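# Reading the structure
Each chain, written out:
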Amino acid sequence: MNRILQACARQPVDRTPVWFMRQAGRVLPEYRAVRRQHDLLAITHQPELCAEVTLQPVRRLGVDAAILFADIMTPLIGVGLDIRIVERTGPVLAEPVRDLEAVRCMRPLAPEEDVPFVLETVKLVRRQLPPDVALIGFAGAPFTLASYLVEGGASRTFEHTKRLMHGQPEVWRELMSRLADLTAAYLKAQLAAGVQVVQLFDSWVGCLSPDDYRCAVQPYSRRIFEALEGAPSIHFGVDTGWLLEDMAAAGGSVVGLDWRVPLDLGWQRIGGDRGVQGNLDPMTLLAPWPAVEAEARRILDRAGGRPGHIFNLGHGLHPDTPLDNLVRLVELVHSS
Ligand code: CP3
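Values in this document were obtained by computation on a predicted structure and should not be read as measured data.

## Some details on helix H4 (residues 47–61)
Spanning 15 residues, H4 covers 22 Å between terminal C-alpha atoms, matching the ideal 21 Å at 1.5 Å per step. At Leu55, H4 shows its strongest bend, of approximately 30°, with the proline Pro57 following within four residues. The element H4 is extensively covered by neighbouring structure, given that eleven of its 15 residues are classed as buried. Taken as a whole, H4 has its buried residues at Pro47, Leu49, Cys50, Ala51, Val53, Thr54, Leu55, Gln56, Pro57, Val58 and Leu61. Close packing links the buried residues of H4 with helix H2 (29–37), helix H3 (40–44), strand S1 (65–67), helix H8 (116–128), strand S4 (134–140) and helix H17 (323–335). One or two positions beyond H4, positive phi appears at Gly62, with a value near 75°.

## Looking at the nonpolar core
One broad rule of soluble globular proteins: the nonpolar side chains tend to lie buried together. One finds Phe20, Leu149, Leu175 and Leu329 to be the most contacted residues of the largest nonpolar core, which totals 122 residues. When residues in this core are grouped by element, the largest group, eleven residues, is from helix H11 (residues 169–193). Residues in contact with Phe20, not counting those within four places in the same chain, are Leu61, Val63, Asn312, Leu313, Leu317, Leu326, Leu329 and Val330.

Thresholds applied
Residues numbered from 1 in each chain as written. Predicted model: local features only at pLDDT ≥ 70, side-chain atom pairs only at ≥ 80, totals over all residues. Heavy atoms only, no water. Helix = DSSP H or I, 4+ residues; strand = E, 2+ residues; numbered from the N terminus. Expected span 1.5 Å × (residues − 1). Bend = angle between axes of the 7 residues up to and from the residue. Buried < 20%, exposed > 50% of the residue type's maximum accessible area, 1.4 Å probe, protein only. Contact = heavy atoms within 4.5 Å. Core = buried A, V, L, I, M, F, W, Y, C linked by side-chain atoms within 4.5 Å.

As structure tokens, this is what we get:
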């Protein structure tokens with residue numbers, strides 16, 4: 001029985017499935033040991049090692065899913081963009097993408113040639129994964145990818161991104177259109193190689209107004225979900241309180257909720273024909289276990305045992321999270 005897949009199909013499960021965003025990397029001592037010898041991109045380029053890092057959290061934490069170890073920038077690096085992943089900072093571009101010329105330099109993705117190591121990792125992981133543990137593939141959503149490309153790195157204000165979106169709409173549409181096609185090709189190749197669910201990370205989309213989301217982002221995310229032709233999928237964003245209905249309308253069997261939205265109210269807004277994933281505040285996990293337990297029980301109560309809930313955090317794990325809290329949290333979710 002694969003409980004993640006059942007939850008994606010909103011079928012009843014004998015226990016709520018659980019996994020954690022950013023479970024591979026950061027918190028695990030066995031990941032840190034690998035990381036001391038290889039940087040992030042070097043790990044992703046070695047399928048044996050990358051499969052190992054993908055499997056580490058399954059062994060250590062007993063979660064119901066493995067998430068492919070890669071980065072949202074992996075396919076963009078694959079098509080030749082000059083991007084580095086800087087420790088504790090994230091992706092950094094040598095030259096930001098801010099005009100039509102730069103956008104037109106972005107060629108389509110040919111997954112077998114541009115990211116063969118990702119597809120090889122997927123095959124290796126699937127061979128080693130027990131049948132009741134799902135393999136989740138992922139990609140960055142067009143808006144979140146565009147924000148890194150246009151800003152040249154992380155941003156708090158998204159000033160260049162919004163200036164381009166409003167000031168040069170034709171350049172924006174071309175950029176988003178290319179990113180949507182690239183992402184669709186990337187996710188389809190992951191599915192063909194053996195991932196069973198895909199998560200689209202629109203991590204920074206919560207910075208937009210609902211009108212901007214609908215006009216400038218939703219059509220491109222929708223294009224990706226349509227290309228997946230019904231494959232199980234999770235649509236994730238942070239701080240998306242006012243965008244939830246529109247994100248659900250773009251697609252996803254399951255919609256991610258962060259901790260700012262009470263799970264039952266968020267679920268109501270998304271509609272009963274979708275599942276939800278979430279929504280523990282990752283910082284709660286830095287507190288002693290009784291506080292974690294109380295908060296996790298509140299979330300499980302709000303889910304009320306309805307089919308279609310995948311327990312997760314509202315965003316990625318903090319690097320200082322005590323491992324013991326994670327192990328106990330998985331046990332608690334499984335026994336509730
Ligand atoms: O368990 C997993 O989730 C592992 C696979 C994974 C990574 N990045 C590896 C990684 C996934 C799913 C991602 C997604 C990702 N990458 C997102 C979307 C998820 C989110 O958190 O919203 C984003 C926005 C990125 C871009 C990125 N890459 C950032 C912001 C950082 C953080 C920089 C830092 O060190 O805090 C990275 C680097 C990165 N990607 C790490 C890992 C494990 C950091 C650790 C390292 O360098 O080994």
